[in-house]
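# Fold and contact review
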Amino acid sequence: MKRTYILGALTAAGVMAGAAGAATLDDVKARGTLNCGVNTGLVGFAAPNAEGEWEGFDVAVCRAVAAAVLGDASAVEFVSLTGKTRFTALASGEIDMLSRNTTWTFTRDVDLKFEFTGINYYDGQGFIVPRELGVSSATELDGASICIQTGTTTELNLADYFRKNNMEYDPVPIETNAEALQLYNEGSCDAYTTDASGLAASRATFETPGDHVILPEIISKEPLGPLVRHGDNEWGDVVRWTLNALIAAEELGVTSANIDELAQGTNSPEINRMLGTEGNLGEMLGLDAEWALRAIKAGGNYGEIFARHIGESTPIGLARGLNAQWTEGGLMYAPPFR
């Protein structure tokens, strides 16, 4: 029943996506703000700070796009969305782009008529349990009650994993990360499962993080990234190449500290093309020559954004791992700016 409901919702969203109009770039310029869909609250990725301002790893992508298109990284209207509401909001045109720890899958790309514009975090699904349970492996969760967000790939992955391992579980359905953490901390579920990065972010908010264990098993591939509607290739290119600019900037050594100096011209043709001192890449996107320069200045390059919001020096403490540059043994790799 649950699987049928989810697939039905996906199909409905796909129909809406087909009906949504194109020319999003023109709409954003005319409006003067970018409507960006984000999580309802996941520390490190997308959450309001003490002053009520949105910040985080996914938020930084929204701000970079706003800076590239509008010249103002603060010209963003953030729309908090659950796993269930995010696709309807994008398909209907309520938001211009979604930057909400969302996994690139076949059905979302093809059936829902969305276009993923790249991957900003390579992730996988994991489990967190209270240390006092004495569980050291996901294979010991037979019969456990597990908090799971509905309308997500994690819901389907969980069913697949337990079926494959001939185990039973009692699902405790929730809609938001906050709801899951409340139930988990109350003891209403033995474990919580979601993307491993989300588990690390959530554990960092606990009063005693050491009392909780993220189990070693990663049971899925979760390539996360921003997405837009099908049929608006111009806007898709803007979001895609803004993300690529952040990734390429790290590889090329362009940082928030040296970008103004490098923007005067360098002996690297690729840096010059990206920052607009050579060629006409901005014109091809329907933007000015300094679009990428502004995107990078908004929050720094990919590595700076990662380190500031979710890196090893933060309470979340994520290592780069697969999200290191390809030159450092990771998978982060931007196509050439030429």
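Our structure is the block above this text.
All figures in this text were calculated on a predicted structure; none of them were measured in a lab. Per chain, the residues get numbers from 1 upward, laid out in the order the sequence is written. For a predicted model such as this one, the threshold for reporting local features is a pLDDT of at least 70, and the threshold for listing and counting side-chain atom pairs is 80 or more; totals across whole chains, interfaces and linings nevertheless cover every residue. Hydrogens and waters are ignored; side-chain quantities use all the structure's heavy atoms.

## Observations concerning the overall build of the protein
In terms of helices and strands, the protein carries 14 helices and 14 strands. For a compact globule the rule gives 2.2 Å times the number of residues to the power 0.38, and the radius of gyration it is set against comes from C-alpha atoms. Against the globule reference of 20 Å for 338 residues, the protein gives a C-alpha radius of gyration of 20 Å, in line with a compact fold. The dimensions of the protein, computed from C-alpha atoms along their principal axes, are 60 × 45 × 40 Å. In this description, contact between two residues means that some pair of their heavy atoms is separated by no more than 4.5 Å. Considering only residue pairs separated by 6 or more positions, the protein has 72% of its internal contacts joining residues 24 or more positions apart. All accessibility values rest on the Shrake-Rupley procedure with a 1.4 Å probe; residue burial counts only the protein chains present in the view. As presented, the protein carries roughly 14,500 Å² of accessible surface, and 50% of it is formed by carbon and sulfur atoms. Charge assignment: positive for Lys and Arg, negative for Asp and Glu; neither His nor the chain ends contribute. One atom stands in for each charge, and that atom is NZ of Lys, CZ of Arg, CG of Asp or CD of Glu. Between the mean site of the 23 positive side-chain charges and the mean site of the 45 negative ones, the protein shows a separation of 5 Å. Only runs of H or I of at least four residues qualify as helices and only runs of E of at least two qualify as strands under DSSP, and these elements are numbered from the N terminus.

## Looking at the packing of helix α9 (residues 233-252) against helix α13 (residues 291-299)
An axis is simply a line fitted to the C-alpha atoms; with a helix, the fit covers only the stretch in contact. Between two such axes, the angle follows the N-to-C directions and lies from 0 to 180 degrees. Contact pair α9 / α13: the axes reach a minimum separation of 9 Å and the direction vectors enclose 65°. The orientation of α9 with respect to α13, classified from their angle, is roughly perpendicular. The handedness of the crossing between α9 and α13 comes out as right-handed. Residue-level contacts link W241, T242, A245, L246 and A249 of α9 to W291, A292, A295 and I296 of α13. A per-class count over the contact of α9 with α13 returns eight nonpolar, one polar and no charged. An angle below 35 degrees is treated as roughly parallel, one above 145 as roughly antiparallel, one from 65 to 115 as roughly perpendicular, and anything else as oblique. It is the rotation of the near helix from the far one that decides the hand of a crossing: anticlockwise by less than a right angle makes it left-handed, clockwise makes it right-handed. Under the grouping applied here, Gly and all other residues not named as nonpolar or charged are polar, the nonpolar ones being Ala, Val, Leu, Ile, Met, Phe, Trp, Tyr, Cys and Pro and the charged ones Asp, Glu, Lys and Arg.

## Describing empty space enclosed by the protein
Definitions used throughout: a 1 Å grid over protein atoms alone; a cavity as a set of points that fits a 1.4 Å probe which cannot get out; a pocket as an open set with protein on both sides within 12 Å along at least five of seven lines; a lining residue as one with an atom within 4 Å of a point. Grid points are joined across faces, edges and corners, and a volume is the space filled by probe spheres set on the points. Tallied over the entire structure, the rule returns two cavities of 30 Å³ or more. Counted as a void, the largest cavity has a volume near 200 Å³. Lining the largest cavity are 21 residues; nearest its centre among them are R100, N101, Q149, T194 and D195. Contributing elements (two or more residues each) for the lining of the largest cavity: α6 (153-164), β11 (191-195) and α8 (196-203). In the lining of the largest cavity, the residues fall into two nonpolar, 14 polar and five charged. The computed volume of the second largest cavity comes to approximately 30 Å³. What lines the second largest cavity is F57, V61, N120, L243, L246, Y302 and I305. At the level of elements, α3 (57-70), α9 and α14 (302-309) are the ones that each hand at least two residues to the lining of the second largest cavity.

## Digging into α8
Turn by turn, an α-helix covers 3.6 residues, leaving residues three or four places apart pointing in a common direction. Of all the eight residues making up α8, seven are buried; the element is thus mostly covered by neighbouring parts of the structure. The inward-facing, buried residues of α8 contact β7 (121-123), β8 (125-130), α7 (177-186), β11 and β12 (212-214). For the exposure calls, accessible area comes from a 1.4 Å probe over protein chains only, and a residue counts as buried if that area is under 20% of its type's maximum, exposed if over 50%, partly exposed in between.

## A few points about α9
Compared with an ideal rise of 1.5 Å per residue, which puts 20 residues at 28 Å, α9 spans 27 Å between its outermost C-alpha atoms and is within 8% of the ideal. Of the residues trailing α9, G253 is marked for its positive phi of about 80°. Expected helix span is given by 1.5 Å per residue-to-residue step, counting one fewer step than there are residues.

## What about the sheet that holds strand β10 (residues 169-174)?
Read from one edge of the open sheet, five strands run β10-β9-β11-β8-β12, paired in mixed fashion. Each edge of the sheet is formed by a strand with only one pairing partner; in this case those strands are β10 and β12. Averaged over all pairs of adjacent strands, the angle between their axes in this sheet comes to 30°, without regard to strand direction. In this description, strands pair whenever DSSP reports at least two bridges between them. Here strand β9 (residues 144-149) runs beside β11; their pairing, made up of two bridges, is parallel. Bridging from a neighbouring strand, C147 pairs with Y192 of β11.

Don't take any of this as a statement about function, it's just geometry.
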